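Below are the chains, spelled out letter by letter.
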Amino acid sequence: MNTAGHSEAMVPRGLELTPFRGLRYDPDRVGSLAAVTSPPYDVVVRPDGLHHLQDADPHNIVRLILPQATTPDARNEQAADTLRRWLAEGVLTTDPEPGLYVYEQRDGNGMLQRGVIGALRVSEPAEGVVLPHEDVMPHVVADRAALMRATSANLEPLLLTYRGDDAAADTTRLVERTAQQPPLLATTTEDGFAHRLWSVTDPAEVARVQSDLAGHQALIADGHHRWATYRRLRAEHPSPSPWDYGLVLLVDTARYPLRVRAIHRLLHHLPVPDALAALDGLLRVRHLDVSLPQALDALADAAREGNAFLLAGDGSFHLVDRPDPGLLARTVPADRPAAWRTLDATVLHAALLDHVWHIPGDSPARVAYIHDAAATVEKAERDGGTAVLMHPVREEVVRDLARQGVTMPRKSTSFGPKPASGLVLRALEF
């Protein structure tokens, strides 16, 4: 078993990050490292993106994180069989020593992100160590838990952020110093991001990072469902066990600020004319005969004044804003902070989805959550549904609400850049 080494007597004060023996592709056994990577499972636009990734290389990581079969049990067993086969064939190999991994992402527009990948002690929200900021959908947690049980692996790291003290902190210095060394791997994915990974195995360096991070709390930037899955699986296994820990990437956003983008909604079986007709008298509707970038600019302008959404799917764009105060008073819960009550996602789910359109937001048959605006519009036009394009929330609003213990509606934000899946995995049993 790949147990995370730690002192039983240690009382956790904050983040408890431990080294692990990473499971990585053997570059000699695959077409290229770029060809076996993928965005996180919930970012892949299915089925188009899934098929594209499957075709990129027979060993692409989507065959593990998004296995394709006729039933959930068959999908999970297929992923487990594939993982065992790749291990037996040497496609995936285990690093000889446990370590923490420094990970860097860089694009051609000046975006640079660095962080540390490790196995983090799983904690409950009440402990105040790892702060969630979004609700989760139970069926997604159940799906991810079944996959992790079948494979006995953390197949992709979550993205967590923390606020470092200063540039002289031990973790910051280790990350910056390590990034000057030759990496374990380097590849550039088709989205233009260059990825580099290093392993830190020296016990003294690992201990300094652990001591530094023990004084911090983290915000879940991406991976709420997988963190909830870690918590469920930890509860299922008597402690101590490898399930006490989960694979994460920790990024100091004081040093490397993340981008915060919106996650858009695709409403199945609701044509745009029907969606607009239901809004009559409840919100202002303006029809825009412009391109998508121009429509998103108009959405950003309207969002400065209050709640605003962009509807699409019928070949044009419809800017929807200025919700009726009476509608908000009737539908938005009053027992939450004002910052929560005025979120676009809150108004969308509490007022529009629940009360105007009568669509359950946690039903995958009725609502899809898509990170790319153009893909959302394209699928709405193709399927006859309605795309609801959102404006992103500022990171400070997210963090402030999380510290108050207030969760935002599910899929409210998309932090990035997200770690590429497939660069390093964590097997819990061999």
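Preceding this section is the structure that the text describes.
Residues numbered from 1 in each chain as written. Predicted model: local features only at pLDDT ≥ 70, side-chain atom pairs only at ≥ 80, totals over all residues. Heavy atoms only, no water.

Engineer: Just checking my understanding: could you explain unusual backbone geometry for this structure?
Structural biologist: Negative phi characterises most residues that are not glycine, and trans characterises most peptide bonds. Along the chain, Ser239 connects to Pro240 via a cis peptide bond; the corresponding omega equals 0 degrees. Summarising the element assignment, Pro240 is placed in the loop between α8 (224-236) and β12 (245-252). Positive phi outside glycine occurs at Ser152, with the angle close to 50 degrees. In this structure, Ser152 sits in the loop between α5 (138-151) and β7 (153-154). (Helix = DSSP H or I, 4+ residues; strand = E, 2+ residues; numbered from the N terminus.)

Engineer: Which parts of the structure should I look at to understand the packing of aromatic side chains?
Structural biologist: The relative placement of two aromatic rings is captured by the distance of their centres and the angle of their planes. Applying the stated rule across the entire model yields three aromatic pairs. Centroid distance Phe20 to Tyr101: 5.2 Å. Interplanar angle 50 degrees. Geometry classified as tilted. Of this pair, Phe20 sits in the loop between β1 (17-18) and β2 (23-25) while Tyr101 sits in strand β4 (residues 100-106), placing them 81 residues apart in sequence. Owing to a relative accessible area of 0%, Tyr101 belongs among the buried residues under this scheme. Centroid distance Tyr25 to Trp86: 6.1 Å. Interplanar angle 50 degrees. Geometry classified as tilted. One end of the pair, Tyr25, is in strand β2; the other, Trp86, is in helix α4 (residues 72-89), with 61 residues separating them in the sequence. A single burial state applies to Tyr25 and to Trp86, both of which are buried. Above the ring of Tyr41, the side-chain terminus of Arg144 is found at 4.0 Å from the ring centroid. The lysine or arginine in question, Arg336, covers the ring of Trp340, its NZ or CZ lying 4.4 Å from the ring centre. (Phe/Tyr/Trp six-rings, centres within 6.5 Å; stacked < 30°, edge-to-face > 60°. Buried < 20%, exposed > 50% of the residue type's maximum accessible area, 1.4 Å probe, protein only. Lys NZ or Arg CZ within 6 Å of the ring centre and 35° of its normal.)

Engineer: Teacher, can you tell me more about the environment of Pro19 here?
Structural biologist: Locating Pro19 in the fold gives a position in the loop between β1 and β2. Relative accessible area serves as the criterion here: at 17%, Pro19 is assigned to the buried category. Separated by 134 residues in sequence, Pro19 and Ala153 place their C-alpha atoms 15 Å apart.

Engineer: I'm lost on the packing of helix α6 (residues 170-178) against helix α7 (residues 203-213) in this one. Help?
Structural biologist: Each pair of packed helices gets described by two things: the angle between the helix axes and the distance between those axes. Close contact between α6 and α7 brings their axes to 8 Å; oriented N to C, the two are set at 135 degrees. Viewed along their axes, α6 and α7 adopt a mutual orientation that is oblique. Contacts between α6 and α7 involve Asp170, Thr171, Leu174 and Arg177 from the former and Glu205, Arg208, Val209, Asp212 and Leu213 from the latter. The residue inventory of the contact of α6 with α7, partitioned by class, reads three nonpolar, one polar and five charged. (Axes fitted to C-alpha atoms, helices over the stretch in contact; angles between N-to-C directions. Parallel < 35°, antiparallel > 145°, perpendicular 65-115°, else oblique. Contact = heavy atoms within 4.5 Å. Nonpolar A, V, L, I, M, F, W, Y, C, P; charged D, E, K, R; others polar.)

Engineer: Would you explain the sheet that holds strand β17 (residues 317-321) in this entry?
Structural biologist: Note: strands within a sheet are paired through backbone hydrogen bonds, in either parallel or antiparallel orientation. With antiparallel pairing, the six strands of this open sheet are ordered in space as β15-β17-β16-β19-β14-β18. Each of the sheet's edge strands pairs with one partner strand only, and the pair in question is β15 (284-288) and β18 (367-370). Here the average twist between neighbouring strands, direction ignored, is 25 degrees. Relative to β17, strand β16 (residues 308-312) runs antiparallel, the two sharing five bridges. Considered in β17, the bridge of Phe309 is made with Val320. Together, β15, β16, β17 and β19 (386-389) form the strand contacts of helix α9 (residues 272-279), whose direction differs from that of β16 by roughly 145 degrees. (Pairing = 2+ DSSP bridges.)

Engineer: Sorry if this is basic, but what is going on with the environment of Val367 here?
Structural biologist: Secondary-structure assignment places Val367 in strand β18. Classification of Val367 by relative accessible area gives buried; the value is 3%. Once the C-alpha coordinates of Val367 and Glu395 are considered, the two residues, 28 residues apart in sequence, prove to be 25 Å apart. Discounting residues that sit within four places of it in the chain, Val367 has contacts with Arg265, Leu266, Leu267, His268, Ile359, Pro360 and Gly361.

Engineer: I keep staring at the nonpolar core and nothing clicks. Help me out?
Structural biologist: Taken as a class, soluble globular proteins show a tendency for nonpolar side chains to be buried jointly. Among the nonpolar cores identified, the biggest contains 115 residues, and Tyr25, Ile117, Trp227, Leu250, Leu311, Leu352 and Trp357 are the most heavily contacted of them. In terms of residue count, helix α13 (residues 344-356) provides more of this core than any other element does, eight residues in total. Within the second largest apolar cluster, 19 residues are counted, among which are Ala302, Phe317, Ala368 and Ala387. (Core = buried A, V, L, I, M, F, W, Y, C linked by side-chain atoms within 4.5 Å.)

Engineer: Mind showing me how you'd approach the environment of Pro293 here?
Structural biologist: Relative to the helices and strands, Pro293 is located in helix α10 (residues 292-303). Classification of Pro293 as exposed rests on a relative accessible area of 52%. Put simply, Pro293 and Ala334 are 41 residues apart on the chain and 35 Å apart in space, counted from C-alpha to C-alpha.

Engineer: Is there a simple way to think about α4 in this case?
Structural biologist: Think of an α-helix as 3.6 residues a turn; residues three or four steps apart then line up on the same face. Between its first and last C-alpha, α4 extends 26 Å over 18 residues, near the 26 Å set by a 1.5 Å rise per residue. Every buried residue of α4 is accounted for by Asn76, Ala79, Ala80, Thr82, Leu83 and Trp86. Here the buried residues of α4 occupy an arc of 160 degrees about the axis, which is enough to place them on one side. Exposed residues lying more than 90 degrees from the buried face of α4 are Asp73 and Ala88. Summarising the contacts, the buried residues of α4 are in contact with β2, α3 (62-65), β3 (92-94), α5 and β7. Phi turns positive one or two residues past the end of α4, at Gly90, with a value near 80 degrees. (Expected span 1.5 Å × (residues − 1). Arc of directions from axis to C-beta.)

Engineer: Explain the pattern of salt bridges to me, please; I cannot follow it from the model alone.
Structural biologist: Think of it this way: side chains of opposite charge can pair up when their charged atoms draw near. In the structure shown here, the tally under the stated rule is 28 salt bridges. For Arg106, the salt bridge is made with Glu104, and the minimal N-O distance between the two is 3.8 Å. Residue Arg106 is classed as partly exposed on the basis of its relative accessible area of 36%. By relative accessible area, which is 3% here, Glu104 ends up buried. (Salt bridge = Lys/Arg side-chain N within 4 Å of Asp/Glu carboxyl O.)

Engineer: Looking at this model, I keep getting lost on helix α14 (residues 373-383). Mind explaining?
Structural biologist: Those residues of α14 lying buried are Ala373, Ala375, Thr376, Val377, Lys379 and Ala380. Where the residues of α14 are buried, they touch β14 (264-267), α10, β16, β17, β18 and β19. Among the residues of α14, the N-terminal cap falls to Asp372, whose side-chain oxygen and the backbone nitrogen of Ala374 are separated by 3.2 Å. Of the residues flanking the end of α14, it is Gly384, one or two places downstream, whose phi is positive at about 80 degrees. (Polar contact = N/O pair within 3.5 Å; in protein donor to acceptor, adjacent residues only side chain to side chain.)

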